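Breakdown of the fold
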Amino acid sequence: MEILDGKKISQEIKEEIKQAVGLRKEKGQKIPHLAAILVGNDGASLTYVGSKVRSCEQVGFKSTLIRLESSITEQALLSKIKELNNDDTLDGYIVQLPLPKHIDEEKILLAVDPKKDVDGFHPSNFGRMALEMDSFIPATPFGIMEMLRRNEIDISGKHCVVIGRSHIVGRPISILMSQKGKPGNATVTLAHSRTQNIKELTQKADIIVSALGIPEFLKADMVKEGVIVIDVGITRVSDASHPKGYVIKGDVAFDEVAKKSSYITPVPGGVGPMTIAMLLQNTLLSCERKSVS
Ligand code: GUN
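Residues numbered from 1 in each chain as written. Predicted model: local features only at pLDDT ≥ 70, side-chain atom pairs only at ≥ 80, totals over all residues. Heavy atoms only, no water.

Overview of the sheet that holds strand S4 (residues 92-95)
In sheet architecture, strand pairing relies on hydrogen bonds along the backbone and comes in two forms, parallel and antiparallel. Within the open sheet, the three strands sit side by side as S3-S2-S4. Their pairing is parallel. Strand pairing shows two members of the sheet lacking a second neighbour, strand S3 (62-68) and S4, which therefore form its edges. Strand after strand, the sheet turns through a mean of 15° between neighbouring axes, direction not considered. Taken together, the seven bridges between strand S2 (residues 33-39) and S3 define a ladder with parallel strand orientation. What sits directly across from Ile37, in S3, is Ile66. Most of the contacts of helix H3 (residues 74-85) go to S2, to which it runs at about 180°, and overall it touches S2, S3 and S4. (Pairing = 2+ DSSP bridges. Helix = DSSP H or I, 4+ residues; strand = E, 2+ residues; numbered from the N terminus. Axes fitted to C-alpha atoms, helices over the stretch in contact; angles between N-to-C directions. Contact = heavy atoms within 4.5 Å.)

Set out below in structure tokens:
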């Protein structure tokens, strides 16, 4: 069993990005600039956005955090987005999800300029990704693919079961894994809340990507010997014995499933840090694209 160490790989990627930024500085070129919009005070979102901003500092990017009240109107948020679209100093920005219920997420994501959509959530980028055209790939699936690539894990012809059909993870990773390329060419089954007999599917899977959000859902009796397990779940579970009052749990019962796995990602320290590294990668890419156009 080998642990896929997302923390270590993401640090390597961040080091590469830092070097690219250093080179740009030497040449007098623009320093990448990422902005994040955070609406409200959701604890998990605050943590994620905080990590994204800190990571920008680590690699030498400029970053801007825009915090808005949870009571902001949809119209005011759309105005802010228009402002960011027109801000030439920005290479990319993200709108942290989820948004408050009174705001139509789809409307907001559609308003983001696809050229600055480093989350890859705009239909233009998503469609381009699905058609294997140049695009921004959503950071979490991009991170999973990069983790496989850097560990030289061949998924060609393998049966991959993705659990969860979210627009951010399950749907895009199911597309990427089945595409031509390396890694790629997997045979993908996309399982979701209406899937029957999920255990029968996971027991036959060579690779399982779980993006479900149910702590320790995947148990040892649901997987076969030698399986590759990618755990995308990050759920806060109350735990009074912990100083923070909660612990972070993945979708996988790690200790028991690890014993049967050839490769497995831990939580925390697996997919999470990869997501941030790939967001930075997309921002650097956006900055480089602007420089040539
Ligand atoms: N919420 C959970 N994951 C993400 C992400 O990757 N990007 C944004 N913007 N919001 C999220």
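A short note on the environment of His242
Structurally, His242 can be placed in the loop between strand S9 (235-238) and strand S10 (246-249). The class of His242 is partly exposed, set by a relative accessible area of 33%. Counting along the chain gives 232 residues from His242 to Ser10, while the straight-line C-alpha distance between them is 27 Å. (Buried < 20%, exposed > 50% of the residue type's maximum accessible area, 1.4 Å probe, protein only.)

Remarks on H3
When the terminal C-alpha atoms of H3 are compared, their 16 Å separation across 12 residues agrees well with the 16 Å that a helix rising 1.5 Å per residue should span. Of the residues making up H3, those classed as buried are Glu74, Leu77, Leu78, Ile81, Leu84 and Asn85. Down the axis of H3, the buried set is contained in an arc of 115°. They therefore lie on one face. The exposed set on the far side of H3, more than 90 degrees from its buried face, consists of Gln75 and Lys82. (Expected span 1.5 Å × (residues − 1). Arc of directions from axis to C-beta.)

Here we look at the state of the cysteines
Applying the stated criterion across every chain, the model contains zero disulfides. The thiol sulfur of Cys56 is not disulfide-bonded, and the nearest other cysteine sulfur, from Cys287, lies at 12 Å. (Disulfide = S-S within 2.5 Å.)

Topic: the pairing of S2
Counting buried positions over the seven residues of S2 gives seven, a clear majority of the element. Residues of S2 alternate between two faces, with His33, Ala35, Ile37 and Val39 on one and Leu34, Ala36 and Leu38 on the opposite face, all of them buried. Read from S2 through helix H2 (residues 43-59) to S3, the crossover connection turns out right-handed. Bridge analysis of S2 against S4 gives four bridges, and the strand direction is parallel. Paired with Ala36 across the two strands is Ile94, which belongs to S4. (Right-handed = clockwise from strand over helix to strand, strands pointing away.)

Examining the pairing of strand S6 (residues 187-191)
Note that strand S5 (residues 159-163) and S6 share five bridges and pair parallel. By the bridge assignment for S6, Cys160 is matched with Val188. Considered for its hand, the β-α-β crossover made up of S5, helix H7 (residues 170-178) and S6 is right-handed.

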